[in-house]
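# Secondary and tertiary structure notes
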Amino acid sequence: MELQEALPEARETARSAPGAVRPKNLKPLRDIKTDRSRRYQTGIGEFDRVLGGGIVRDSLTIIAAKPGAGKSTLLLQAAETLAQQGLTVLYVSGEESESQIRRRAERILDGIHEKIWVHSTTSLNQLLGAVGELDPKVLIVDSIQTMSLDEIASRPGSPTQVMECTQALMKLAKDADQPRAVIMAGQLTKDDELAGVRALEHMVDTVLYMEAENGDDLRTLSATKNRFGSTGEMGFFTMEEEGLKPIDNPSEYFMTRRVPGQEVNGSALTVVREGTRPVIAEIEALVSQSFTPYPSRTSECMKRDQLSTLISILEQRGGQPLYDKNVVVKTTGGLKLTQQSANLAVILAMVSSALKKSIPAGYVFIGDVGLTGELKKVPQLESRIRELERMGFEKVFIPAGALREEILRKYPGIEVVGLRTLSQVLRNVFGDIKPVF
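Residues numbered from 1 in each chain as written. Predicted model: local features only at pLDDT ≥ 70, side-chain atom pairs only at ≥ 80, totals over all residues. Heavy atoms only, no water.

### Details of helix α9 (residues 304-318)
Because the α-helix completes a turn every 3.6 residues, residues three or four places apart line up on one side. Stated precisely, the cut-off is as follows: The secondary structure listing takes helices from DSSP runs of H or I that are at least 4 residues long and strands from runs of E that are at least 2 residues long, numbered from the N terminus. Expected helix span is taken as 1.5 Å per residue step, with the number of steps being one fewer than the number of residues. Each residue gets one of three labels from its accessible area relative to the maximum for its type: buried under 20%, exposed over 50%, partly exposed in between, using a 1.4 Å probe on protein chains only. Whether two residues touch is decided by their heavy atoms; if any such pair falls within 4.5 Å, the residues are in contact.
For α9, spanning 15 residues, the distance from its first C-alpha to its last is 20 Å, which sits close to the expected 21 Å at 1.5 Å a residue. Those residues of α9 lying buried are Q306, L307, L310, I311, I313, L314, E315 and G318. Packed against the buried residues of α9 are β14 (297-299), β15 (325-331), α10 (343-355), β17 (368-369) and α13 (422-430). Just beyond α9, the residue with positive phi is G319, at close to 70°.

### Notes on the nonpolar core
The condition is simple: In these notes, a set of buried Ala, Val, Leu, Ile, Met, Phe, Trp, Tyr and Cys residues joined through side-chain atoms within 4.5 Å is what counts as a nonpolar core.
Membership of the largest hydrophobic core comes to 46 residues, with the highest contact counts inside it found for V329, I347, L348, M350 and F365. It is α10 that provides the largest number of residues to this core, a total of 8 residues. Counting 36 residues, the second largest nonpolar core, distinct from the first, contains L76, I101, A181 and A223.

### Considerations on the pairing of strand β8 (residues 206-212)
So the rule is basically this: By definition, two strands form a pair when at least two bridges between them are found by DSSP.
With 5 of its 7 residues buried, β8 lies for the most part within the structure. When β8 meets strand β9 (residues 218-226), the two strands line up antiparallel, connected through 7 bridges. The residue of β9 that forms the bridge with L208 is A223.

### A word on the packing of aromatic side chains
The line we're drawing: In summary, the pairing rule links any two rings of Phe, Tyr or Trp, Trp by its six-membered ring, whose centres are within 6.5 Å, and it sorts them by plane angle into stacked for under 30 degrees, edge-to-face for over 60 and tilted for everything else.
Across all of its chains, the model carries 4 aromatic pairs by this definition. Relative to F254, the ring of Y253 has its centre 5.0 Å away and its plane inclined at 85°; by these criteria the two rings are edge-to-face. According to the relative accessible area criterion, Y253 is partly exposed, its value standing at 30%. Residue class for F254 comes out buried when judged on its relative accessible area of 0%. Taking the centre distance of 5.6 Å and the plane angle of 55° together, the rings of Y363 and F397 count as tilted. Taken as a pair, Y363 in strand β16 (residues 363-365) and F397 in strand β19 (residues 395-399) lie far apart in primary sequence, 34 residues in all. With a relative accessible area of 1%, F397 lands in the buried category.

### Digging into the confidence of the model for the protein
Threshold: One number per residue, pLDDT, summarises how confident the predictor is, and it ranges from 0 to 100.
Summary statistics for the protein give a mean pLDDT of 89 and a share of 93% for residues scoring 70 or more. Taken element by element, the predicted model of the protein shows its lowest mean pLDDT in helix α1 (residues 2-15) (57) and its highest in strand β4 (residues 89-93) (97).

### Some details on the sheet that holds strand β5 (residues 116-120)
Threshold: All axes are obtained by fitting lines to C-alpha atoms, using only the stretch in contact for helices, and the reported angles, taken between N-to-C directions, cover 0 to 180 degrees.
Here we have 9 strands laid out as an open sheet, ordered β5-β4-β6-β7-β3-β8-β9-β10-β11, and mixed in their pairing. Each edge of the open sheet carries a strand with a single partner, namely β5 and β11 (243-246). Neighbouring strand axes in the sheet, compared pairwise and without regard to direction, differ in orientation by 25° on average. Here strand β10 (residues 234-240) pairs with β11 via 4 bridges, running antiparallel. Bridged to M239 within β11 is L244. Sitting on the sheet, helix α6 (residues 159-173) is in contact with β3 (60-65), β6 (138-142) and β7 (181-187), with an inclination near 160° to β7.

Here it is in structure tokens:
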């Protein structure tokens, strides 16, 4: 009773607090209506996948990348596909002139749609005026670090300007009467972090990063934050003269398909997962005699410490001495190995190179290898095997007991071999290997 009597008094105190304003349209959560068709699909499958199915029409998205990675190219290609759906797109650039954007569009687009409008300015005030005049459904800003508000006395790119400009664009995107999809390009610092204050990432709905290795055509797009979808998805592109081309079947891109008689030593296949998608990856290893006191261990696809650990396991549990050997490990296509499920294939590739014996075509290896030499289970194993059967592979080695028999019977097109130790896998693939230790 005392609590109920105190509630009206507490409400009156809150209403009379300095600065208190009666809210408009206050509703219970269950009465809020949602629009299930509130996404704009760009038509670029890999882009839509990372976004969670398309661009939400009242969202604020930022895509960041190093110079030359292709973020502006991707945004211009997305502008074309969105315009083809009848959406008015305004592309505002503070880094390029309008003629530069036109020349790039002529190079990468089959045609330039009449619903794409461009404006070259660093003034957010002019940008807002252009939005009021055109009323675009999609606004692209390249980049947020070049924009500035006239009423703020600080240079473009300063923390104050970045935050205030982002705040203005967020209000523009989330206008209840006229919602818009706003996509911003973002610059990276020398430490590969988004330029500006950290709060910028908290303000936006989605943060995308595009990565590119030096001299490599491969581009990967991933989300580190996504209020409307998963952050685990990854999109793959190749940079060509005509712009970014989506890799619709990554398994074909990241491996070399060989038939019996074409095998080479030092190559092994595995299946990694990029988001919800299984991807077949080819791991290559080169083991050679070292003529220096300290053999080199080199890998661009995995951490050096992880590679050293796998070499130690191979020496002690697999009986293969590599203490006087140089070891180089890489993946076809430059795919990063961030999952433990690839460890067994890395070891098999090293053994294949050291013994100069090739692995039979159609063999795949999925599993982690413990310090004891035992094979360890990995998650989502069934979806990986499903991808292998779809691609026509004949045999896969996995940890024993990782899948139930009723699940294995669902995939009659591929032989699943469950083994408990690394030495058992080596004997199955290479026959009897003379132990060294």
